[in-house]
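# Observations on the model geometry
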Amino acid sequence: KKVLIAGGSGFIGSVLTKQLQKDGFETCLISRMPRPNSITWDDLNQNGIPERTDAVINVAGQNVLDPTRRWTPGFKQNVIASRVHTNQMLVNVINQCDSHQKPKVFVSISGVGYYRPDPNQIYDEYSTGGDHDFLSKLCTDWEKASKVEGDQTRNVIVRSGIVLGKNGGIIQQMYPLFFLGLGSKIGSGTQHMPWIHIEDICNIFIQALINDKFAGVINGVAPEIVTNDQFTKTFARLLWRPSFLFIPEQIIEFVFSSERAVMMTRGQKVISKRMEELGVHIKHPTVEEALKDILK
Ligand code: NDP
């Protein structure tokens, strides 16, 4: 089986690609840069989906929380285009495929920022959202842009929590601070932090390729709900470091601007009913165990 993976060079994409190869899938990446075993977005536009492609995945996206990039209109446009336009391009070429060449499934990522931050409300895939701020509207547009015409290609959207893993994402960004004993909660630390181990999010993607029952939205979150404070304390303790500091929300808002700072200063309790219904096994259900696995 051949899988086309947009954003396959990234933090999630590279682990997913390796796992797919281990499981016997043939892989081809879509990247902005020419690289081995890949095509560029231009190639895709000109030549369409490579022959014999059974499945398409989109895990591309400009890093929203890049602290070196100011939150300018231009950068926001990059954030949108790298998600919405890439999905649109993929959907266009899938729609244009002859019916005997159509991929069987298109799986794309989105985020739990879709749900409105709230200290009490518990959200699952049947909850509403996607219309309260810039990031939630981005999720709505991103997800809308992933809808393929007709019923030959199954559509799956994985609404992911913060992905915990080595060599990327939040752990890579925070490790140096925690290592120096400067690990800090953000603001009061009471905001919830939906999360998932990288191995589990990759498994959801792979299950979505092979199990026809996967369709529509699936929240990619671990069952244990934690707050930013609980996460910070656990991470610091496992590194034998203190964690009594906190970063005032105003500093985070100053550095990142409030529109994207909400990703850190606010949170939502998210669970996955669909994973329960589908019987998906989560290998790393608690943050303590997941972090131990990552730090070992
Ligand atoms: P990375 O930044 O590690 O990688 C994403 C990939 O997207 C890059 O390798 C790059 O591929 C491609 N990309 C980056 N910028 C652009 C751009 N401007 N236009 C087109 N392609 C671009 O991200 P992650 O792997 O961490 O995340 C992947 C996706 O998952 C993102 O959309 C992110 O929002 C989403 N997500 C991530 C979470 C996390 O905790 N990491 C949580 C929830 C959702 P190349 O250079 O080869 O073109």
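Structural data are supplied above this passage.
This section reports on the structure supplied with the text. (Residues numbered from 1 in each chain as written. Predicted model: local features only at pLDDT ≥ 70, side-chain atom pairs only at ≥ 80, totals over all residues. Heavy atoms only, no water.)

Turning next to the side chain of Ser108. Its location among the elements puts Ser108 in strand β5 (residues 105-111). Residue classification places Ser108 among the buried residues on the basis of a relative accessible area of 1%. (Helix = DSSP H or I, 4+ residues; strand = E, 2+ residues; numbered from the N terminus. Buried < 20%, exposed > 50% of the residue type's maximum accessible area, 1.4 Å probe, protein only.)

Counting buried residues along strand β2 (residues 26-31), five of its six residues qualify, which places the element largely inside the surrounding structure. Inspection of the sheet shows strand β1 (residues 2-6) paired to β2 by five bridges, in the parallel sense. Bridge pairing in β2 places Val3 opposite Thr27. For the crossover that starts at β1, traverses helix α1 (residues 11-22) and ends in the parallel β2, the hand is right-handed. (Pairing = 2+ DSSP bridges. Right-handed = clockwise from strand over helix to strand, strands pointing away.)

Turning to the site of the ligand, a few remarks are in order. Residues in close proximity to the ligand total 21 residues, the closest being Ser9, Phe11, Ser31, Arg83 and Val163. Contacts to the ligand include Gly10, whose backbone N or O atom sits 3.1 Å from an oxygen atom. Between an oxygen atom of the ligand and a main-chain N or O atom of Arg32, the distance comes to 2.8 Å. Considering the ligand on its own, with 890 Å² of exposed area, one finds that the protein chains cover 81% of that surface. At the level of elements, α1, α3 (73-96), β5 and β8 (162-164) are the ones that each hand at least two residues to the shell around the ligand. Partitioning the shell around the ligand into residue classes produces eight nonpolar, ten polar and three charged. (Near = heavy atom within 4 Å. Polar contact = N/O pair within 3.5 Å; in protein donor to acceptor, adjacent residues only side chain to side chain. Areas by Shrake-Rupley, 256 points an atom, 1.4 Å probe, with all protein chains shown as cover. Nonpolar A, V, L, I, M, F, W, Y, C, P; charged D, E, K, R; others polar.)

Spatial strand order, β3-β2-β1-β4-β5-β7-β11: seven strands in an open sheet with parallel pairing. Bordering the open sheet on either side are β3 (38-40) and β11 (216-220), each of which pairs with just one other strand. Strand-to-strand twist across the sheet, computed as the mean angle between neighbouring axes with direction ignored, equals 20°. In terms of strand pairing, β2 meets β3 through three bridges, oriented parallel. Bridging from a neighbouring strand, Ser31 pairs with Thr40 of β3. Packed onto the sheet, α1 meets β1, β2, β4 (53-58) and β5 and runs at close to 160° relative to β2. Here α3 sits on the sheet in contact with β1, β2, β4 and β5, set at roughly 165° to β4. (Axes fitted to C-alpha atoms, helices over the stretch in contact; angles between N-to-C directions. Contact = heavy atoms within 4.5 Å.)

Turning our eyes to something else, we now look at the environment of Leu209. Here Leu209 shows up in helix α6 (residues 198-210). A relative accessible area of 10% places Leu209 in the buried class. With 20 residues separating them in the primary sequence, Leu209 and Asp229 have C-alpha atoms 36 Å apart. Discounting residues that sit within four places of it in the chain, Leu209 has contacts with Val3, Leu20, Phe25, Ala55, Ile57, Val105, Val107 and Arg154.

Here we come to empty space enclosed by the protein. Scanning all chains against the criterion turns up one cavity of 30 Å³ or more. Taken together, His192, Met193, Pro194, Trp195, Val221, Ala222, Glu224, Ile225, Val226, Gln268, Lys269 and Val270 make up the lining of the largest cavity. The element that contributes the greatest number of residues to the lining of the largest cavity is strand β13 (residues 268-270), accounting for three residues. A class-by-class count of the residues in the lining of the largest cavity yields eight nonpolar, two polar and two charged. (1 Å grid on protein atoms, 1.4 Å probe; cavity = no way out; pocket = protein on both sides within 12 Å on 5 of 7 lines; lining within 4 Å. Points joined across faces, edges and corners; volume = space filled by probe spheres on them.)

Turning our attention to the pattern of salt bridges. Applying the stated rule across the entire model yields twelve salt bridges. The partner of Arg159 in a salt bridge is Glu143, and the shortest N-O contact between them spans 2.8 Å. One end of the pair, Arg159, is in strand β7 (residues 154-160); the other, Glu143, is in helix α4 (residues 134-144), with 16 residues separating them in the sequence. Comparing Arg159 with Glu143 shows no difference in burial state: the two are buried. A salt bridge links Asp229 to Lys233; the shortest N-O distance between them is 3.1 Å. Residue Asp229 and its partner Lys233 are both found in helix α7 (residues 228-238); the two are separated by four residues, about one turn of the helix. Salt bridges linked by common partners bring Arg237, Glu288 and Lys292 together as one network. (Salt bridge = Lys/Arg side-chain N within 4 Å of Asp/Glu carboxyl O.)

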